[in-house]
Amino acid sequence: MDAYGSQFDDFPAIPFNESLNFPIHVDDNAFPIDDESLLNFEELEKILNGEVEDLNQWLLSGSDEECLSSSCHQLSIEKESNDEWSFSPSFISVDASINTNFSQETLNMPLEGMEIDNQIGLIHLGKALGEATENEQGDLAEVIKERIRDKASPVGETSERLLYYLFHQSKDKKADCLEQECDKNFEATMKVFYQIFPYGMFAHFTANSAILQTKPNNAEVLHIVDFDIGDGLQWSSMISAVAQQEKMLDQRVPLKLTSIKWKEEDCVQGRFKETKMRLLNHASSLGVKLKVEEMELQGMVSEIRRKKRRGGNREFLAFNCMWSLPLLGRRRSRRQFVEFISVAKDLLAKNTTTNGVITIGDGDAWEKSKNCHGFGSFFDSYMKHYHALLDSIECNFPVHLAEARVAMECLFVAPFVSCDDWKRMWEERKEGNYCDFKYGLKGVGLSNECWLEAKELVKEGESLYGVRIEGENVNEMVLEWKGTPLIRVEAWRS
């Protein structure tokens, strides 16, 4: 075991939640943590200490040291709540001959040598970029991008970091070095990220609760088909919950977990094998009968249909899709997401014996941007979303661990912040692709107990996080930061 992984072996187990019989946090065999507080920053400092020292030197080296030093000084000052991604209602108009649907009021571009607050300047530049891209003013957009690259900093205020991640991933050598440094300790950092912030636990707890709540008592097998299993964090706590239910009901229900293998994952077989072995060992320690397999989407469809024709046992099918959660550190394509949900709809519609459920955890701004009429407003909605995410991370992180926070942001936020990706996603939305994939589904109401436990999980009232119930049949639960939605979890049936 590596030095970083061993740091987690000394923590006590997380207790079960009594009212739902479901462990609301990650269990001891997966990632044991301090049951007094999730904010164990001392352990984080130990884990990232070697990396952070090098990272700090790297961040303060190279060009524009004065700007970086200034930004580091700002990190030692407690942030005020007015650091928000809020634009003026007007867009920048640099060519009066171009007609748009937006306000024609002009906003002066910051000029060279002009003394202007860097935050405000970057906000104006970001707004200008959205309009220039929408108006297909390529040359102007490139000029604005270069200005943003010059002004943005990975150790600056929230807007500076957001725009740094937006444009430095593909062209900036330092960004590549930063990503490589962070990748060295990915697993240990991911564990701490999961423990400190509620994004993953909220999504997993809500989805797992919906599955257990919907499963009928006469189901002979609980079969979960997972869109993106990753490190299996979600299913460790599900195994614990199933074990507790079996004891209460004196009834053993085998658990089957099918991980969908996407074609680009041929090179990461080792990761699935490690996840499978970890889950099997955990299930064995609790007396849960578990089968874990991996197959391509169409192979899974063929197997389920073949079993149905043979008149197999009463499987309760649960299709689980976590998409663009910060914990994942990557965003699968929207095409894969919709293909998975479409296949799930079709299979559930034909599985009349025990029906089933579809659970979706969405950490993206796609739903919030569905009423946007141009790339400018689409871009704005994504900027606000990821600005709120970065702000929530910073506000819940000790100032003296600013460099460790930057490392986490590089791993778990930066992969979702890409102007090119957002432009491609806007084109897909504009063409009408993937907009009606939920058509024909019916909402599965989430219980009031689930809502109350989710509020407790995120410490609503003590923190700036909040949980809201909405949707058809109250089937959606939303995690918010200062009123801005961050994670949306939904439950549907065919």
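Residues numbered from 1 in each chain as written. Predicted model: local features only at pLDDT ≥ 70, side-chain atom pairs only at ≥ 80, totals over all residues. Heavy atoms only, no water.

Draft legend 1. The overall build of the protein, seen in detail. Helix and strand counts for the protein come out as 16 helices and 9 strands. Counting the 494 residues in the protein, one finds 58% classified as buried. Expressed as a percentage of contacts within the protein between residues at least 6 apart in sequence, the contacts between residues at least 24 apart total 75%. Looking at the protein as shown, the accessible area adds up to about 21,400 Å², and 48% of this sits on carbon and sulfur atoms. (Helix = DSSP H or I, 4+ residues; strand = E, 2+ residues; numbered from the N terminus. Buried < 20%, exposed > 50% of the residue type's maximum accessible area, 1.4 Å probe, protein only. Contact = heavy atoms within 4.5 Å. Areas by Shrake-Rupley, 256 points an atom, 1.4 Å probe, with all protein chains shown as cover.)

Draft legend 2. Structural context of the environment of Val357. Position of Val357 relative to the elements: it lies in strand 5 (residues 356-362). Of the residues examined, Val357 reaches a relative accessible area of 0% and is grouped as buried. Sequence separation of Val357 and Leu441 is 84 residues, and the distance between their C-alpha atoms is 10.0 Å. Those residues in contact with Val357 that sit more than four places away from it in its chain are Ile211, Thr214, Phe316, Leu317, Ala318, Phe319, Leu348, Val444 and Trp492.

Draft legend 3. Molecular detail of helix 14 (residues 402-412). Summarising burial for helix 14: 11 of the 11 residues are buried, a large majority. Every buried residue belonging to helix 14 is among Ala402, Glu403, Ala404, Arg405, Val406, Ala407, Met408, Glu409, Cys410, Leu411 and Phe412, and all of these are buried.

Draft legend 4. Structural detail: the nonpolar core. Formed by 128 residues in total, the largest nonpolar core has its most connected members in Tyr199, Phe202, Met300, Phe319 and Trp422. With 10 residues, the top contributor of residues to this core is helix 13 (residues 375-395). Discounting residues that sit within four places of it in the chain, Met300 has contacts with Val225, Thr258, Ile260, Met295, Phe319, Val343 and Leu347. (Core = buried A, V, L, I, M, F, W, Y, C linked by side-chain atoms within 4.5 Å.)

Draft legend 5. Layout of the packing of helix 11 (residues 297-309) against helix 12 (residues 334-350). Between helix 11 and helix 12, the least distance of the axes is 11 Å, while the angle of their chain directions is 5 degrees. As far as their axial angle goes, helix 12 and helix 11 are roughly parallel. Between helix 11 and helix 12, the residues in contact are Leu297, Gln298, Met300, Val301, Ile304, Arg305 and Lys308 and Glu339, Phe340, Val343, Asp346, Leu347 and Lys350, respectively. Across the contact of helix 11 with helix 12, the residue classes break down as 7 nonpolar, 1 polar and 5 charged. (Axes fitted to C-alpha atoms, helices over the stretch in contact; angles between N-to-C directions. Parallel < 35°, antiparallel > 145°, perpendicular 65-115°, else oblique. Nonpolar A, V, L, I, M, F, W, Y, C, P; charged D, E, K, R; others polar.)

Draft legend 6. Spotlight on the pattern of salt bridges. Counted under the stated rule, the structure contains 30 salt bridges. Across the salt bridge formed by Asp231 and Arg278, the nearest N and O atoms sit 3.9 Å from each other. Of this pair, Asp231 sits in the loop between strand 1 (221-226) and helix 9 (233-249) while Arg278 is found in helix 10 (residues 269-286), placing the two residues 47 residues apart along the sequence. The structure contains a network of salt bridges with shared partners spanning Arg468, Glu470, Glu476, Glu480 and Arg488. (Salt bridge = Lys/Arg side-chain N within 4 Å of Asp/Glu carboxyl O.)

Draft legend 7. Representation of the packing of aromatic side chains in the model. Taken as a whole and judged by the stated rule, the model has 22 aromatic pairs. Ring geometry for Phe193 and Phe197: centres 5.1 Å apart, planes at 55 degrees, overall tilted. Accessibility expressed as a relative area gives 2% for Phe193, which makes it buried. Here the aromatic cluster, defined as three or more aromatic residues joined through ring pairs, consists of Phe375, Phe378, Phe379, Tyr382, Tyr386, Phe416, Trp422 and Trp426. (Phe/Tyr/Trp six-rings, centres within 6.5 Å; stacked < 30°, edge-to-face > 60°.)

Draft legend 8. Region of interest: the packing of helix 13 against helix 15 (residues 419-430). Running from N to C, helix 13 and helix 15 point in directions that differ by 130 degrees, and their axes come no closer than 10 Å. Considered as vectors, helix 13 and helix 15 are oriented oblique to each other. With respect to the hand of their crossing, helix 13 and helix 15 are arranged in right-handed fashion. On helix 15, the residues touching Phe375, Phe378, Phe379, Tyr382, Met383 and Tyr386 of helix 13 are Cys419, Trp422, Lys423, Met425, Trp426 and Arg429. For the contact of helix 13 with helix 15, the per-class residue count stands at 10 nonpolar, no polar and 2 charged. (Left-handed = near helix turned anticlockwise from the far one by under 90°.)

Draft legend 9. A look at the pairing of strand 2 (residues 255-260). Across the 6 residues of strand 2, 6 count as buried, placing the element largely inside the fold. With 5 bridges connecting them, strand 1 and strand 2 associate as parallel partners. Paired with Val225 across the strands is Thr258, a residue of strand 2. For the handedness criterion, the β-α-β arrangement of strand 1, helix 9 and strand 2 is classed as right-handed. Across 6 bridges, strand 2 lies against strand 3 (residues 290-295) in parallel orientation. When the bridges of strand 3 are listed, Lys256 appears paired with Lys291. (Pairing = 2+ DSSP bridges. Right-handed = clockwise from strand over helix to strand, strands pointing away.)

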